[in-house]
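# Summary of structural features
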Amino acid sequence: TMQSAGHRFRDVEHHPLLADNESYEPSPSPSEADMADRVWFIRDGCGMVCAVMTWLLVVYADFVVTFVMLLPSKDFWYSVINGVLFNCLAVLALSSHLRTMLTDPGAVPKGNATKEYMDNLQLKPGEVIYKCPKCCSIKPERAHHCSICKRCIRKMDHHCPWVNNCVGEKNQRFFVLFTMYIALISAHALVLCGFQFFSCVRGQWTECSDFSPPVTVILMIFLCLEGFLFLTFTAVMFGTQIHSICNDETEIERLKSEKPTWERRLRWEGMKSVFGGQPSLLWINPFAGFRIRRLLLRGKKGGPEFSV
């Protein structure tokens, strides 16, 4: 612990603070407007592979449903209704995935653990500040350091390789939508597979599909396995996320059995805090707040992530 300007600056891992004469130059803290216009992306090999696999599996499911089951069907309205519904769910799921992956989860600015920054905080005498020795930043309450993102993340729930990002304060809503839409699309695919198997068996596999019976069976079996695994995983994750939001507790805090030092929100207040405002269709809309100009600006690389 070190006394400075009437308050204490404590290193969470008991490493020495940066001295005033050290040559470390912190990166300038961007304004809120600048942060809103940035796209976050983590350059992690495992995460990028998992993210690509997620997209490929959704595309595979869409291919089997559309070209193996719906287009060969003689029931026009059955094909149209289920095709539109399935593809809409697929678009919503992939959009939620992109928003989760490309949204800053609540990263604390690097290198702001300086005496000048600390003096500007106007802290009360004796107040303790925690510094993360790994990213040289002042660590807010409920923030945790992610070894993959190499940043402290506000209200970090966990790092998910399937979205190649941390789930934190600013992108938890999109992650919840991603798990919800993947669970719905998986359940829909399983129902369609059930109807298709019944129809093919009853029709003795004649005119069941444009593909040969063995190929049709193999494609549908793989889709059933994929749908069952993804439905189980995402439904459990969706329920866990909603439970955490209602209890105002992150997964890390739950696993560490941390006693809350903050005033917990009521269940409904927690939902409104994550999803924003009063209940509306915007809660389930992954496009809410999206601005296309974010994708048109030039990227600036820095560390394990780059911002646009």
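Just so you know, these numbers come straight off a predicted model, no measurement behind them.

## Thoughts on the overall build of the chain
- The helix and strand inventory of the chain stands at eight helices and eleven strands.
- For the chain, contacts bridging at least 24 residues in sequence account for 72% of all contacts bridging at least 6.
- For the chain, the exposed surface amounts to about 17100 Å²; the carbon and sulfur share of it is 64%.

## Concerning the UniProt feature "transmembrane region" (unreviewed entry) in the chain
- Those places that UniProt annotates as "transmembrane region" (unreviewed entry) correspond, in this numbering, to residues 45-70, 76-94, 174-197 and 217-238.
- The annotated region residues 45-70 carries 100% helix and 0% strand content, and the separation between its end C-alpha atoms amounts to 36 Å.

## Quick notes on helix H3 (residues 76-102)
- For H3, which comprises 27 residues, the first-to-last C-alpha distance of 39 Å matches the rise-based estimate of 39 Å (1.5 Å per residue) to within 8%.
- Of the residues that open H3, the one with a side-chain oxygen 3.4 Å from the backbone nitrogen of Trp77 is Asp75.

## Quick word on the nonpolar core
- Counting 37 residues, the largest nonpolar core has Val65, Met69, Phe86, Phe175, Ile182, Leu223 and Phe275 as its most contacted members.
- Those elements giving two or more residues to this core turn out to be helix H2 (45-70), H3, helix H5 (172-202), helix H6 (213-246) and helix H8 (267-275).
- Here this core gets eleven residues from one element, more than from any other, and that element is H5.
- Filtering out sequence-adjacent residues up to four positions away, Val65 remains in contact with Leu70, Phe86, Leu192 and Leu223.
- In terms of nonpolar packing, the next biggest core, distinct from the first, is built from nine residues, Ala107, Cys146, Ile153 and Cys166 among them.

## So, the pairing of strand S4 (residues 128-132)
- Here S4 runs beside strand S5 (residues 137-138); their pairing, made up of two bridges, is antiparallel. Looking at the pairing, Lys131 lines up with Ile138 of S5.

## Thoughts on the pairing of strand S7 (residues 151-154)
- Across four bridges, strand S6 (residues 143-146) lies against S7 in antiparallel orientation. Opposite His144, over in S7, you have Ile153 as the bridge partner.
- Taking the residues that link successive antiparallel strands as the turn, the S6-S7 hairpin has four residues, and the phi of Lys150 there is positive, at about 60 degrees.

## Brief notes about the environment of Met69
- Locating Met69 in the fold gives a position in helix H2.
- Among all residues touching Met69, those that are not within four sequence positions of it are Val64, Leu192, Cys193, Gln196, Met220 and Leu223.

## Brief notes about the environment of Pro133
- Structurally, Pro133 is set in the loop between S4 and S5.
- Between the alpha carbons of Pro133 and His145 there is a distance of 9.8 Å; along the sequence they are twelve residues apart.

## Details of the packing of aromatic side chains
- The tally for this structure, following the rule as stated, stands at six aromatic pairs.
- Ring geometry for Phe175 against Phe178: centres 6.4 Å apart, planes inclined by 40 degrees, an arrangement best described as tilted. Residue Phe175 and its partner Phe178 are both found in helix H5; the two are separated by three residues, about one turn of the helix.
- Of the residues examined, Phe175 reaches a relative accessible area of 2% and is grouped as buried.
- Judged by centre distance (5.3 Å) and plane angle (25 degrees), the ring pair of Phe275 and Trp283 falls under stacked.
- Overall, the relative accessible area of 10% leaves Trp283 in the buried class.
- Members of the aromatic cluster, each reached through a chain of ring pairs, are Phe63, Phe67 and Phe211.

## Points about the packing of H2 against H5
- Where H2 contacts H5, the two axes come as close as 11 Å, and the packing angle between them is 30 degrees. On the basis of the axis angle, H2 is roughly parallel to H5. Where H2 crosses over H5, the two elements pack in a sense that is left-handed. Counting all contacts with H2, which are made through Thr54, Val58, Val65, Val68 and Met69, the residues of H5 involved are Phe178, Ile182, Leu192, Cys193 and Gln196.

Rules of the game
Residues numbered from 1 in each chain as written. Predicted model: local features only at pLDDT ≥ 70, side-chain atom pairs only at ≥ 80, totals over all residues. Heavy atoms only, no water. Helix = DSSP H or I, 4+ residues; strand = E, 2+ residues; numbered from the N terminus. Contact = heavy atoms within 4.5 Å. Areas by Shrake-Rupley, 256 points an atom, 1.4 Å probe, with all protein chains shown as cover. UniProt positions renumbered as here; feature names shortened; annotations may be inferred. Expected span 1.5 Å × (residues − 1). Polar contact = N/O pair within 3.5 Å; in protein donor to acceptor, adjacent residues only side chain to side chain. Core = buried A, V, L, I, M, F, W, Y, C linked by side-chain atoms within 4.5 Å. Buried < 20%, exposed > 50% of the residue type's maximum accessible area, 1.4 Å probe, protein only. Pairing = 2+ DSSP bridges. Phe/Tyr/Trp six-rings, centres within 6.5 Å; stacked < 30°, edge-to-face > 60°. Axes fitted to C-alpha atoms, helices over the stretch in contact; angles between N-to-C directions. Parallel < 35°, antiparallel > 145°, perpendicular 65-115°, else oblique. Left-handed = near helix turned anticlockwise from the far one by under 90°.

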